[in-house]
Amino acid sequence: MIVENGMRVMMTEVVALLVGRLVSKMKLPAILGWLITGMALGPHALGLLSEEVLHATWYESLEGMLECLAGLMIGTELIWAQMKKTGRQIVVMTVVESLGTFAFVSLVFGVIFLMTGVPVYIALLFGGIALATAPAPSLSIVNETKASGSVTSTLIPMAVLDDLVGALVFFTVIAMVAARTSASQVPLGGILLLVFFPVILGAATGVITGFILSRVHGRRMSLLVTAGMLLVTDGSILVLNLAVLPSPVLNQLLAGMAFSAVFANMIPQEQLDDMMKVLNPAIGLALVVVILNLGAPLDYHLVFGAGVYTAVYILSRAIGKYGSAFVGAAMTGAPKTVRNYLGLTLLPHSGVSLVFTGIAVSLLNTTSPAYASLIQGTIAAAAVINEVIAVLLARKGFEWAGELPEASDTGKGKHLHEAGRKAGAQPQ
C-alpha cells in the first residue's frame, strides 16, 4: 500500500511540473499550476492524493522533511554581513505589519460580532489566524521569475520574522481564549516554547553543521554533512510533532530556515555557493511538493458556498496586510517600491492559516461547537479563494515593482533563482 501511494505522490508531482510549465507559457506563475494541480488531484476532486495519503504518517514525515529542505532556500540568503544594514528596519516593518493586520481584522470582526451577538473573543481568533503568512508561494515566484530588488530582498528575511511574530500572537490569543472558555490555562512558557523551539533547534544544529563544514574539504563531504544534520534537525521536530505534541504545531520550514541561516554565516561564500549548485534542484522539487500539499486539502466546492463572513475575512485581511506593510515601510524610510508593493507579496496564506484554524477549532469544539464551525467554514472557503487571487497579486507585486528583469544567474540571489528554474519553472 505504501508503494502504491508513493507512486501516486510521484505521479502528482510529475503532473504538477507539467501543468506548471504550461501555466508559465501563459505568462502566469508556475506555482498557480502547482496549486491547481493539488486541488484537482486532492481528496475533494479526483482523489489521486486521497485523505488516506495526506494523513499517512509516512507522507506527513516526507512532507515535513521537504518543508525543512525548502527552508534552506530562505536561510542561505540570510547572510549577516548583508543584513545588518537593514536589520532594525526589517524587524520594525514585520512587527507593524503583523500587529496591524491582527488589529484590523479583529476590529472588523469585533464590530460585526457586537451587532450579531457573537462573542467578541471569536474576533481575536480571526485576527490571529489572519496575520499568518505562507512564505513558500511568494518565494516560489522569486525562484521562477528571478525577481531581484528592494521588495525581494525585504521579503526574504521578513519570511522568517513574520512566521515568528504570527505564531507568537496566535498562541497568545489561543491562551487567552482557553483561559476564558475552560478552567485550564496555557502557560506563557509553553507558548514561547512552541513558537521559538524550531528556531532554537535549527540554530543549534546549524552551529554544529557550520563548525564541521568549516573543517571539511570538498563538495561531497560538505553535502554529506549538511544532509545528515538536516535529517537530525527534521527528525527531532518530526518526533515531537507526531509522538509528543497533540497536534503537529512545530514549524519545520522555520527550523530549516534557522538551520541554514546559521551555517551559511559560518562558512566561506564560495563553499556555500558550491553546495547550493547541487542542492538547488532538490530544493526546487521540495517546493513543488510543499505547494501541492497547500492545494490538496482545499475544497473548491466551498467557493460556491462562501458567505459574507468569507468575503469580509478576505477583504479585511488584504487591507490589513497591505496597509500595515505600507505603514511599516513608510515609518522606516523604505524605498517607494517596498511601500507600494511589499504588501501584495504577503497575501498568500493557506498552509499556515489551516494549521491555526485546526488548533482554534479543536479548542472550541468542546465548549462552543457552533463558533468552531463558523471559524472552520469561513477560513476553509477563504483559503481556496484567497490563495488563487493572492498568487496572482504577489506576482503582480514583483512585476509592478520592476523586479522581474531578464537577469543572469549571477549576483545576489543566485542559488535562490536557480532552484526554481531547475524545478521546472520557466522565467517570465
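Since the model is a prediction, treat every value here as computed from it, not as a measurement.

Conventions adopted
- Residues numbered from 1 in each chain as written.
- Predicted model: local features only at pLDDT ≥ 70, side-chain atom pairs only at ≥ 80, totals over all residues.
- Heavy atoms only, no water.
- Axes fitted to C-alpha atoms, helices over the stretch in contact; angles between N-to-C directions.
- Helix = DSSP H or I, 4+ residues; strand = E, 2+ residues; numbered from the N terminus.
- Parallel < 35°, antiparallel > 145°, perpendicular 65-115°, else oblique.
- Left-handed = near helix turned anticlockwise from the far one by under 90°.
- Contact = heavy atoms within 4.5 Å.
- Core = buried A, V, L, I, M, F, W, Y, C linked by side-chain atoms within 4.5 Å.
- Buried < 20%, exposed > 50% of the residue type's maximum accessible area, 1.4 Å probe, protein only.
- Polar contact = N/O pair within 3.5 Å; in protein donor to acceptor, adjacent residues only side chain to side chain.
- Phe/Tyr/Trp six-rings, centres within 6.5 Å; stacked < 30°, edge-to-face > 60°.
- Lys NZ or Arg CZ within 6 Å of the ring centre and 35° of its normal.
- Patch = residues over 30% accessible without salt bridge, like charges linked within 9 Å, V, L, I, M, F, W, Y side chains within 5 Å.
- Areas by Shrake-Rupley, 256 points an atom, 1.4 Å probe, with all protein chains shown as cover.
- Salt bridge = Lys/Arg side-chain N within 4 Å of Asp/Glu carboxyl O.
- pLDDT = per-residue confidence, 0-100.
- Expected span 1.5 Å × (residues − 1).
- Bend = angle between axes of the 7 residues up to and from the residue.
- Nonpolar A, V, L, I, M, F, W, Y, C, P; charged D, E, K, R; others polar.

Let's talk about the packing of helix H16 (residues 336-345) against helix H18 (residues 369-400)
- One way to put it is that H16 packs onto H18 with a least axis distance of 7 Å and a crossing angle of 155°. In this view, H16 runs roughly antiparallel relative to H18, as classed from their interaxial angle. In this structure, H16 meets H18 at a crossing whose hand is left-handed. Here Tyr341, Leu344 and Thr345 of H16 come into contact with H18, specifically with Ala390, Leu393, Ala394, Gly397, Phe398 and Trp400.

Focus on the nonpolar core
- Counting residues in hydrophobic clusters, the biggest one holds 104 residues, and the most contacted among them are Ile122, Leu125 and Phe126.
- Here the element with the most residues in this core is helix H9 (residues 150-181); it accounts for 16 residues.
- Those residues within four positions of Ile122 in sequence are excluded, and the remaining contacts are Phe113, Leu364, Tyr371 and Ile375.
- Of all hydrophobic cores here, the second largest spans 7 residues; its members include Leu49, Leu54, Ala56 and Ala296.

Overview of the side chain of Asn280
- For Asn280, the location among the structural elements is in helix H13 (residues 269-295).
- On the basis of relative accessibility, which here comes to 3%, the residue Asn280 falls in the buried class.
- In this structure the side chain of Asn280 is engaged in a polar contact, spanning 2.8 Å, whose partner is the backbone oxygen of Met276.

Regarding the side chain of Ser222
- Within the secondary structure, Ser222 sits in helix H11 (residues 219-244).
- At 3.1 Å, the side chain of Ser222 and the side chain of Gln271 are in polar contact.
- In this structure, Ser222 is in contact with Leu213, Val216, Gln271 and Met275, ignoring residues within four places of it in sequence.

Overview of the packing of aromatic side chains
- Enumeration according to the criterion identifies 11 aromatic pairs in this entry.
- Plain terms: the ring middles of Phe109 and Phe113 are 5.6 Å apart, the flat faces sit at 50° to each other, and that makes the pair tilted. In this pair, Phe109 and Phe113 both sit in helix H6 (residues 87-116), 4 residues apart, roughly one turn of the helix. With respect to burial, Phe109 and Phe113 carry one shared label: buried.
- With centroids separated by 6.2 Å and ring planes inclined at 55°, the aromatic side chains of Phe126 and Tyr313 adopt a geometry described as tilted. With Phe126 in helix H7 (residues 121-130) and Tyr313 in helix H15 (residues 308-331), the pair connects residues that are 187 residues apart, well separated along the chain.
- Assessed through its relative accessible area of 0%, Phe126 is described here as buried.
- Since its relative accessible area comes to 1%, Tyr313 is described here as buried.
- The rings of Phe109, Phe113, Phe126, Tyr309 and Tyr313 are connected pair by pair, giving a single aromatic cluster.
- Cation over ring: Arg215 sits above Phe211, and NZ or CZ is 3.8 Å from the ring centre.

With respect to a nonpolar patch on the surface
- On the surface, a nonpolar cluster with roughly 530 Å² of combined accessible area is contributed by Leu107, Val111, Leu114, Met115 and Val120.
- On the secondary structure map, Leu114 appears in helix H6.
- Relative accessible area serves as the criterion here: at 64%, Leu114 is assigned to the exposed category.

Section: the confidence of the model for the protein chain
- Looking at the protein chain, the pLDDT average stands at 82 and 87% of residues meet or exceed 70.
- Here helix H19 (residues 414-422) stands out as the element of the protein chain with the lowest mean pLDDT, 46, in contrast to H15, whose mean of 93 is the highest.
- Note that residues 407-428 has pLDDT below 50 and, in this model, 55 contacts with residues that lie over four places away or in other chains.

As for H18
- Under the 1.5 Å per step criterion, the end-to-end length of H18 is 44 Å for 32 residues, consistent within 8% with the ideal 46 Å.
- Along its length, H18 shows its largest kink, about 30°, at Asn386.
- Immediately beyond the C-terminal end of H18, within one or two residues, lies Gly402, with a positive phi of roughly 75°.

Quick notes on the pattern of salt bridges
- Taken as a whole and assessed by the stated rule, the structure comprises 5 salt bridges.
- In this structure, Glu97 engages Lys321 in a salt bridge whose closest nitrogen and oxygen atoms are separated by 2.5 Å. Note that Glu97 is positioned in helix H6 and Lys321 in helix H15, a separation of 224 residues in sequence. Comparing Glu97 with Lys321, the two get one shared label, buried.
- A salt bridge links Arg219 to Asp274; the shortest N-O distance between them is 2.6 Å. Here the residue Arg219 occupies a position in helix H11, and Asp274 occupies one in helix H13, the gap between them amounting to 55 residues.

As for the packing of H11 against H13
- Running from amino to carboxyl end, H11 crosses H13 at an angle of 70°, the nearest separation of the two axes being 10 Å. Between H11 and H13, the crossing angle belongs to the class labelled roughly perpendicular. Note on element contacts: H13 touches H11 through Gln271, Asp274, Met275, Val278 and Leu279, opposite Arg219, Ser222, Leu223 and Thr226.
- A per-class count over the contact of H11 with H13 returns 4 nonpolar, 3 polar and 2 charged.

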